[in-house]
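# Working through the structure, step by step
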Amino acid sequence: MQVTKKNQSEEPIQETDTQLGAEMDELKRDMRSAKITNWFEKNQQQLIAGVVIVLVAMAGAGLWSEKQKTYKESAAMMYFQALSVIDDSQRQALLEAVVKDYADTGYAILAHVRLAPLTDTEENLRAVIENDDATPEFRWQARLDLAEFFIAQGKVDASKSLLEATVGEQFQQLRYALLAGISTGETQKEYLQKALDAISNDAVLKAEIESKLAKAGS
């Protein structure tokens, strides 16, 4: 009998505990909800302002993106217009306009490359070499072109300093050929052989290297 009474007395306690836990959980939810509601009411103006700022920023980003697209399209149009004209003076004027008005685009780099044979060769090629936005291939080619220009000008030391820097495999043949051009004796033969062994992208240059190497060996 005592055991029965004990069991009977425990069941209401367990049930009460369960109800109390449920009530506590409900109360906590209500408190959290009240706090959230109160927080929203207090910060409503700031929230609205934040949403407005986000919307304005999104709209501004869209306008900026569209402006950038139009900007690059204008640079492309002027650049290709320069390529289409026959008169060198007109082409130079258009290319210089690309460099001036669209300096932060890739078309300015291309314009410098095209301007090199038309006007100040060193200035334009150095502009490509020193441009961090230019691809390595453009900088390598500009460096070799400037070295070749210096060789033609008799500026051997200036060309040698440019040729000391390494370039990509596709550009090594021209680099070695230019180094051979400012060397003599066995050093010249070594550079010609290295040029001949390098990857070739220019059949005419390869034929010249072969001819010079044959003469150097005779």
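For the structure, see preceding data.
Below: a short report on this structure. In this text, all values refer to a predicted model and were calculated from it rather than measured experimentally.

Rules and cut-offs
Throughout, residues of each chain are indexed from 1 in the direction in which the sequence is written. Selection of residues for local features in this predicted model requires a pLDDT of at least 70, selection of side-chain atom pairs for listing and counting requires 80 or more, and totals for whole chains, interfaces and linings are taken over all residues. Side-chain metrics rest on all non-hydrogen atoms present in the structure, leaving aside hydrogens and water. Numbering of helices and strands starts at the N terminus; helices are DSSP runs of H or I of at least 4 residues and strands are runs of E of at least 2. A simple rule labels every residue: compare its accessible area, found with a 1.4 Å probe on the protein chains alone, to the largest value its type can have, and call it buried under 20%, exposed over 50%, or partly exposed in between. The criterion used for residue contact is that any of the two residues' heavy atoms lie within 4.5 Å. The protein chains shown are the only cover counted for residues, whose accessible areas, like all others here, come from Shrake-Rupley with a 1.4 Å probe. The rule is short: rings of Phe, Tyr and Trp, with Trp giving its six-membered ring, pair when the centres are within 6.5 Å, and they are stacked under 30 degrees, edge-to-face over 60, tilted in between. Two N or O atoms form a polar contact when they lie within 3.5 Å of each other; inside protein one atom must be a possible hydrogen donor and the other a possible acceptor, and for residues adjacent in sequence the pair counts only when both atoms belong to side chains.

The subject of this paragraph is the overall build of the protein chain. Assigned secondary structure in the protein chain consists of 10 helices and zero strands. The linear arrangement of helices and strands in the protein chain, starting from the amino end, is α-α-α-α-α-α-α-α-α-α. The buried share of the protein chain, reckoned over its 218 residues, is 25%. Long-range pairs, those at least 24 residues apart, make up 41% of the contacts in the protein chain between residues at least 6 apart in sequence. For the protein chain, the accessible area works out to roughly 15000 Å², and carbon and sulfur atoms hold 55% of it.

In this section: the packing of aromatic side chains. To describe a pair of aromatic rings, one takes the distance between the centres and the angle between the planes. Inspection of every chain in the model, using the stated rule, returns six aromatic pairs. Taking the centre distance of 5.7 Å and the plane angle of 65° together, the rings of Trp 140 and Phe 171 count as edge-to-face. Pair noted here: Trp 140 is in helix α6 (residues 136–152) and Phe 171 is in the loop between α7 (156–163) and α8 (172–181), with a separation of 31 residues, a long-range link. Considering the side-chain rings of Phe 149 and Phe 150, the 6.1 Å spacing of their centres and the 45° angle between planes classify their relative orientation as tilted. By relative accessible area, Phe 150 is classed as buried at 2%. Cluster of aromatic residues (ring-pair linked, three or more members): Tyr 79, Phe 80 and Tyr 107.

Turning our attention to the side chain of His 112. Assignment of secondary structure puts His 112 in helix α4 (residues 106–115). Side-chain polar atoms of His 112 contact the side chain of Asn 124, separated by 2.9 Å. If we ignore the near neighbours within four places in the chain, the residues touching His 112 are Val 99, Asn 124, Ala 127 and Val 128.

Taken by themselves, the reported measurements are silent on function.
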